[in-house]
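Here is what each chain is made of, one letter per residue.
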Amino acid sequence: MANYDVIIIGAGPGGYVSAIRCAQLGLKTAVVEGRDTLGGTCLNVGCIPSKALLHATHLLHEAEHNFAGMGLKGKSPSVDWKQMLTYKDEVIGQNTGGIEFLFKKNKIDWIKGWASIPAAGKVQVGDDTHEAKNIVIASGSVPASIPGVEIDEKLVVSSTGALELPKIPKKMVVIGAGVIGLELGSVYARLGAEVTVVEYMDAVCPGMDKDVQRSFKRILEKQGLSFIMGAAVQGVETSKTKAKVTYQPKAGGEAETLDADVVLVATGRKPYAEGLGLDALGVKMTERGQIGTDAHWATSVKGIYAIGDVIEGPMLAHKAEDEGMAVAEVIAGKHGHVNYGVIPGVVYTTPEVATVGQTEDALKAEGRKVKTGKFMFMGNARAKAVGQAEGGFVKIIADAETDRILGAAIIGPSAGDMIHELCVAMEFGASAEDVALTCHAHPTYSEAVREAALACGDGPIHS
Ligand SMILES: Cc1cc2nc3c(=O)[nH]c(=O)nc-3n(C[C@H](O)[C@H](O)[C@H](O)COP(=O)(O)OP(=O)(O)OC[C@H]3O[C@@H](n4cnc5c(N)ncnc54)[C@H](O)[C@@H]3O)c2cc1C
């Protein structure tokens, strides 16, 4: 079998990006992928299909609720669910096909099948053993459930099942108010389902600042989602066509039940390293079942690296991609680097919610002296023009003495794109004043970022 400089296991955002960078750096590269298409969780059953459905249902929501007010009269579109799923599948196909094209362009071999590592330097796929000077494990993650809840992908579905339901449920219970639960819950609420989100914690999206969580939840409630917070789901019973969710309020009292046509289990994901043979190789794992790595993504076995969802850190496609590029540079003898302090997180609801860096709550809990600048989108002309000014804001958290930006959160139109201005600012160690002194085009949503930066100093103009 062929000898490679690098064999990468898994063609998700971590693996495929790493392969392209390896090839660009002159390394002979192959990727082993067991799925029928490239792109991993993200392109096949994650980021991309969810955003296709979010886009289509957002347009439906606009037509139903906001068109008439803008003078666009007429019947709202009816939903052809089968066609919407076809649209989603076409979007997946365009993207996964695009990666195949990039592999050919960069002369990367796709070894089809499931890999194991019989020894350092060897990758087994079916009956073939391939040799590689370096192996990068990018085997990703899979949905995780909670005790008492068994996913059957029919009545009780993971995100994967929720992306291809045979019909739109009348009643959906979402277990977990994290990013995936809120995005897919929004999709079905916009399609007319009665969506109830049950969450163990007292706030949505754990890890965000409390004011962001509160505003976000309020906005989603206005859109028709219901929330049961502080409730521990104890089990889901299913009959032929219905499910019953039992939960115990944390505050005490009797256990309660909710009926549903479909239950979406969105309680997180777990790292996936099945079948690789890591035990036998002696690769050290973390307590949470992730592959342990050092600061250069090297595992405890020489020549074997790991990146993406299968290692520590936020389970995000762009985090996996950055690690993919960086590990390629390390293998090529260069200096790969990922700044874990500046990895944005985005919820692609309407409005979007985007965060980066540290939160005000966490910094204050550490005893740091910080100041915040907040600007409501109600003061932003562009957001008003598109009917997305209500409830959202930009918040910048800066060091009280140096004015250096430490974190930011945006709830508003295109927040997922706007956050990058603040990511770049943070990468360059900018102060809030640096952003405030930067001319921003009018009328843009980004003016709200500048106003929030001004709010860290002498004050914003439009509030
Ligand atoms: C519904 C949903 C929505 C999401 N939305 C977003 C989003 O908007 N933005 C964002 O940043 N992240 C999002 N994510 C998370 C994102 O998909 C993951 O963080 C990302 O895919 C991780 O990339 P990865 O390369 O580490 O692994 P994965 O994408 O999981 O890819 C791993 C690949 O390895 C393959 N593999 C595993 N073991 C083997 C083996 N032994 N042999 C061969 N192949 C193997 C698998 O088949 C898989 O294709 C979402 C996830 C879900 C489920």
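Because the structure is predicted, anything quoted here is derived from the model rather than measured.

Conventions we followed
- Residues numbered from 1 in each chain as written.
- Predicted model: local features only at pLDDT ≥ 70, side-chain atom pairs only at ≥ 80, totals over all residues.
- Heavy atoms only, no water.
- Domains from an automatic or database assignment.
- Contact = heavy atoms within 4.5 Å.
- Buried area = accessible area lost by both parts, 1.4 Å probe.
- Salt bridge = Lys/Arg side-chain N within 4 Å of Asp/Glu carboxyl O.
- Polar contact = N/O pair within 3.5 Å; in protein donor to acceptor, adjacent residues only side chain to side chain.
- Helix = DSSP H or I, 4+ residues; strand = E, 2+ residues; numbered from the N terminus.
- Nonpolar A, V, L, I, M, F, W, Y, C, P; charged D, E, K, R; others polar.
- Near = heavy atom within 4 Å.
- Areas by Shrake-Rupley, 256 points an atom, 1.4 Å probe, with all protein chains shown as cover.
- 1 Å grid on protein atoms, 1.4 Å probe; cavity = no way out; pocket = protein on both sides within 12 Å on 5 of 7 lines; lining within 4 Å.
- Points joined across faces, edges and corners; volume = space filled by probe spheres on them.
- Patch = residues over 30% accessible without salt bridge, like charges linked within 9 Å, V, L, I, M, F, W, Y side chains within 5 Å.
- Lys, Arg positive; Asp, Glu negative; His and termini not counted.
- Charge placed at Lys NZ, Arg CZ, Asp CG, Glu CD.
- Buried < 20%, exposed > 50% of the residue type's maximum accessible area, 1.4 Å probe, protein only.
- Axes fitted to C-alpha atoms, helices over the stretch in contact; angles between N-to-C directions.
- Parallel < 35°, antiparallel > 145°, perpendicular 65-115°, else oblique.
- Left-handed = near helix turned anticlockwise from the far one by under 90°.
- Pairing = 2+ DSSP bridges.

Domain boundaries in the protein define domain 1 (3-143 + 270-338), domain 2 (156-267) and domain 3 (343-455). Using C-alpha coordinates to define each centre, domain 1 is positioned 30 Å away from domain 3. Between domain 1 and domain 3, the residue contacts involve 7 residues of the former and 6 residues of the latter. With both chains or domains summed, domain 1 and domain 3 bury close to 590 Å², and 70% of this area falls on carbon and sulfur atoms. At the junction of domain 1 and domain 3, the tally comes to 0 salt bridges. On inspection of domain 1 and its partner domain 3, the count reaches 2 residue pairs in polar contact (both at pLDDT 80 or more). For the side of domain 1 that touches domain 3, the elements supplying multiple residues, two or more each, are α3 (47-65) and α9 (317-331). Within the side of domain 1 that touches domain 3, the residues separate by chemical class into 3 nonpolar, 2 polar and 2 charged.

Near the ligand you find 39 residues, and of these Glu33, Thr41, Lys51, Ala115 and Ala317 are the closest. A distance of 3.4 Å is found between an oxygen atom of the ligand and a backbone nitrogen or oxygen belonging to Pro13. Against a free-state accessible area of 1,000 Å², the protein chains account for coverage of 95% of the ligand. For the shell around the ligand, the secondary-structure elements that each account for two or more residues are α1 (13-24), β2 (29-33), α2 (40-45), α3 and α9. Sorting elements by how many residues they give to the shell around the ligand places α2 first, with 4 residues. The class makeup of the residues in the shell around the ligand is 18 nonpolar, 16 polar and 5 charged.

What follows is about the layout of surface pockets. Unoccupied space between atoms shows up once a probe the size of one water molecule is rolled over them. Computed from the structure, the second largest pocket encloses a volume of approximately 520 Å³. Taken together, 21 residues line the second largest pocket, and the ones lying closest to its centre are Ile219, Lys222, Gln223, Pro351 and Glu390. If you list the elements that add at least two residues to the lining of the second largest pocket, you get α3, α6 (179-190) and α7 (210-222). Split by residue class, the lining of the second largest pocket holds 5 nonpolar, 11 polar and 5 charged.

This part covers a negative patch on the surface. Residues Glu150, Asp152, Glu153 and Glu164 make up a contiguous surface patch of negative charge. Within the secondary structure, Asp152 sits in the loop between β7 (141-143) and β8 (156-157).

Summarising the element assignment, Ser215 is placed in helix α7. Look at Ser215 and you get buried, because its relative accessible area is 11%. Those residues in contact with Ser215, other than ones at most four positions away along the chain, are Gly391, Phe393 and Ile411.

Between α3 and α6, whose axes approach to 9 Å, the crossing angle comes to 40°. Taken together, α3 and α6 sit at an angle that is classed as oblique. Considering the relative orientation of α3 and α6, their crossing is left-handed. Of the residues in α6, those in contact with Ser50, Lys51, Leu53, Leu54, Thr57, His58, Leu60, His61 and Glu64 of α3 are Glu183, Leu184, Ser186, Val187 and Arg190. Its residues assigned to classes, the contact of α3 with α6 comprises 5 nonpolar, 5 polar and 4 charged.

With that out of the way, let us pick up the sheet that holds strand β21 (residues 393-399). Adjacent strands of a sheet pair through backbone hydrogen bonds, lying either parallel or antiparallel. Reading across the sheet, the 5 strands line up as β18-β19-β22-β21-β20 and stay open at both edges, with antiparallel pairing between neighbours. The open sheet has two edge strands with one neighbour each: β18 (345-347) and β20 (370-376). Each adjacent strand pair in this sheet contributes to an overall mean axis angle of 10°, direction not counted. Note that β21 and strand β22 (residues 405-412) share 6 bridges and pair antiparallel. Bridge pairing in β22 places Lys395 opposite Ala409. The strands that α7 touches are β18, β19 (352-357), β20, β21 and β22; relative to β22, the one it contacts most, it runs at about 10°.

Looking at the secondary structure, you find Ser78 in the loop between α3 and α4 (81-105). Relative accessible area serves as the criterion here: at 69%, Ser78 is assigned to the exposed category. Sequence-wise, Ser78 and Cys22 are 56 residues apart; in three dimensions their C-alpha atoms are separated by 47 Å.

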